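# Coordinate inspection notes
The primary structure of each chain is shown beneath.
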Amino acid sequence: MAARVLGNTSKIIKFNRHFHTAKASFLPIVQFKLSDIGEGIAEVQVKEWYVKEGDTISQFDKVCEVQSDKAAVTISSRYDGVVRKLYHDIDGMARVGQALIDVEVEGNVQEEDQPSKETASSKPEAAQAKSTDSKAPEAAHSDGKVLATPAVRRIAIENKVKLSDVRGSGKDGRVLKEDVLKFLGQVPADHSSGTTNVRTTHQPPLPTSKSYQALKEDVAVPIRGYTRAMIKTMTEALKIPHFGYNDEINVDALVKLRGELKEFAKERHVKLSYMPFFIKAASLALLEFPGLNATTDDKLENVIHKASHNICLAMDTPGGLVVPNIKNCEQRSIFEIAQEITRLMEAGKRQQIGREDLVGGTFTLSNIGAIGGTYASPVIFPPQVAIGAIGKIERLPRFDRHDNVIAANVIKVSWCADHRVVDGATMARFSNRWKFYLEHPSAMLAQLK
């Protein structure tokens with residue numbers, strides 16, 4: 001009798017197990033759609049997935065990172081459940097309102113009919129500034145797979161490079177195109193995005209011994225990310241009547257001062273290049289010429305003199321040209337500006353510059369000398385009204401006040417301004433004041449509060 005009861009109990013247990021298994025297969029699946037990020041953004045590029053099919057996620061867990069033409073944004077989950085499908089590949093384009101993932105959820109959850117305002121925010125500064133594992137010799141995901149885009153993998157395959165041998169400098173050790181080219185010796189090992197290192201060599205760098213291969217066929221490169229934003233901005237810039245003003249500055253005193261402060265800055269973990277001095281000198285000069293720290297309104301009826309000196313830096317990044325800005329330079333010390341430059345450069349390398357760093361700029365400087373060259377013809381970044389491009393430092397023969405020929409450290413600067421609202425005399429006077437601070441850096445330091 002006991003055996004018969006036990007047998008029946010076993011059947012009941014088997015039945016219950018079958019029932020629960022059947023029930024699990026009928027859990028509802030909802031589509032987690034890309035919501036409105038704002039700023040008129042209609043589509044984004046998927047840069048990284050933080051989940052894979054089969055993963056269990058909870059509300060507010062990170063789902064993916066996307067790149068619009070304005071900023072990098074982290075998308076967080078609005079559901080608890082299991083990821084059943086990813087709709088986009090890395091570097092694929094997703095439109096607002098389209099599904100990002102399918103989530104199997106428990107309970108009665110309805111899909112959104114209309115995309116709501118996305119609550120995910122741009123990456124916080126702390127996340128941008130934190131160190132990554134890019135210095136690790138192996139750029140691999142937790143499952144052992146090397147993180148790299150299909151385009152980077154193709155370059156590696158064509159050049160017979162094993163990606164696991166390449167040191168990845170991207171987020172979480174992702175291998176970038178530049179990393180593969182460095183491995184092949186086609187770019188200098190110290191190449192990085194940025195605007196801070198002024199080249200002081202007497203001779204241009206020797207060409208690499210590596211030969212470049214011609215393309216076997218035409219390649220269509222999609223215009224995405226920061227480049228799409230620059231297309232819009234530069235198209236608007238074509239409507240602005242530019243005028244230029246060039247000058248050269250003797251920076252012997254500045255070179256000496258930086259040399260004296262460099263070790264002092266290093267003790268405080270600050271990388272002190274020349275760019276913080278250029279920015280601070282510009283901010284001090286803008287105090288006297290507020291009409292250059294300005295923007296125009298949409299109808300060109302007003303020029304708004306901006307209270308904050310949010311000075312933009314034109315930066316070269318793996319994703320293209322990007323122009324973030326350092327907020328409130330008029331309130332910052334040279335060391336504080338240097339720290340902000342370092343933070344933005346690191347974020348630029350990872351293509352993770354947040355939206356808050358890209359909006360609100362009032363004036364722009366481009367340090368083209370970090371790559372090479374002397375004079376340039378910079379293009380105004382609308383709705384701003386002025387921009388400057390700074391060349392490399394050169395040792396050149398010049399006359400001193402006693403007419404003796406001496407070797408001097410000289411930089412060239414190229415200014416452009418919106419001639420509709422800025423006259424040439426104002427630009428020249430501003431340049432003279434900026435030049436004064438760089439040729440007499442002690443006067444610049446005396447102005448610091």
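Residues numbered from 1 in each chain as written. Predicted model: local features only at pLDDT ≥ 70, side-chain atom pairs only at ≥ 80, totals over all residues. Heavy atoms only, no water.

Labelled according to an unreviewed UniProt entry, the protein chain appears under the name Dihydrolipoamide acetyltransferase component of pyruvate dehydrogenase complex, originating from Caenorhabditis tropicalis. According to the UniProt record, the Cofactor (unreviewed entry) comment for the protein chain reads "(R)-lipoate". UniProt lists a comment for the protein chain under the heading Catalytic activity (unreviewed entry), and it reads "N(6)-[(R)-dihydrolipoyl]-L-lysyl-[protein] + 2-methylpropanoyl-CoA = N(6)-[(R)-S(8)-2-methylpropanoyldihydrolipoyl]-L-lysyl-[protein] + CoA". (UniProt positions renumbered as here; feature names shortened; annotations may be inferred.)

So, on to the sheet that holds strand β7 (residues 93–95). With antiparallel pairing, 4 strands are arranged side by side in an open sheet as β5-β4-β2-β7. Because the sheet does not close on itself, it has two edges, and the strands there are β5 (72–76) and β7. The sheet shows a mean angle of 40 degrees between the axes of neighbouring strands, taken without regard to direction. The pairing of strand β2 (residues 43–49) with strand β4 (residues 62–67) spans 4 bridges and is antiparallel. Bridging from a neighbouring strand, Glu 48 pairs with Glu 65 of β4. (Pairing = 2+ DSSP bridges. Helix = DSSP H or I, 4+ residues; strand = E, 2+ residues; numbered from the N terminus. Axes fitted to C-alpha atoms, helices over the stretch in contact; angles between N-to-C directions.)

Further remarks concern the nonpolar core. If you look at the biggest cluster of nonpolar residues, it comprises 57 residues, and the most contacted ones within it are Phe 278, Ile 279, Phe 363, Leu 365 and Trp 434. The contacts of Phe 363, once residues within four sequence positions are left out, are Ala 282, Leu 286, Leu 292, Asn 293, Asn 310, Ile 311, Cys 312, Gln 384, Ala 386, Trp 415 and Phe 430. Counting 22 residues, the second-largest nonpolar core is a separate cluster that includes Ile 57, Val 66, Ile 75 and Val 105. (Core = buried A, V, L, I, M, F, W, Y, C linked by side-chain atoms within 4.5 Å. Buried < 20%, exposed > 50% of the residue type's maximum accessible area, 1.4 Å probe, protein only. Contact = heavy atoms within 4.5 Å.)

It is worth spelling out unusual backbone geometry at this point. Each neighbour pair has its own omega, and for Pro 382 with Pro 383 the value is 10 degrees, a cis peptide bond. Mapped onto the secondary structure, Pro 383 falls in the loop between β16 (363–366) and β17 (386–390). Of note in this structure, His 269 is not a glycine but carries a positive phi near 60 degrees. Summarising the element assignment, His 269 is placed in the loop between α6 (252–267) and α7 (275–288). Of note in the backbone geometry, Asn 328 takes a positive phi value of approximately 55 degrees without being a glycine. With respect to the helices and strands, the residue Asn 328 is situated in the loop between β15 (325–326) and α8 (334–349). Given the relative accessible area of 25%, Asn 328 is considered partly exposed.

On to a nonpolar patch on the surface. Where nonpolar side chains cluster on the molecular surface, the patch consists of Leu 215, Val 219 and Val 221 and spans about 330 Å² of accessible area. Its location among the elements puts Val 221 in the loop between α4 (177–184) and α5 (226–237). Taking relative accessible area as the criterion, Val 221 reaches 65% and is therefore assigned exposed. (Patch = residues over 30% accessible without salt bridge, like charges linked within 9 Å, V, L, I, M, F, W, Y side chains within 5 Å. Areas by Shrake-Rupley, 256 points an atom, 1.4 Å probe, with all protein chains shown as cover. Salt bridge = Lys/Arg side-chain N within 4 Å of Asp/Glu carboxyl O.)

Let us now look at the confidence of the model for the protein chain. Here the protein chain averages 81 in pLDDT, and 78% of its residues register 70 or above. In this model, residues 187–203 is a region of pLDDT below 50 whose contacts with residues beyond four sequence positions or in other chains number 50 contacts. (pLDDT = per-residue confidence, 0-100.)

The next subject is the environment of Pro 378. With respect to the helices and strands, the residue Pro 378 is situated in the loop between β16 and β17. For the pair formed by Pro 378 and Cys 416, sequence separation is 38 residues and the distance between their alpha carbons is 6.4 Å.

Okay, the side chain of Glu 65 next. The topology assignment puts Glu 65 in strand β4. Accessibility expressed as a relative area gives 3% for Glu 65, which makes it buried. Looking at Glu 65, its side chain comes within polar contact range of the side chain of Tyr 50, at 3.2 Å. (Polar contact = N/O pair within 3.5 Å; in protein donor to acceptor, adjacent residues only side chain to side chain.)

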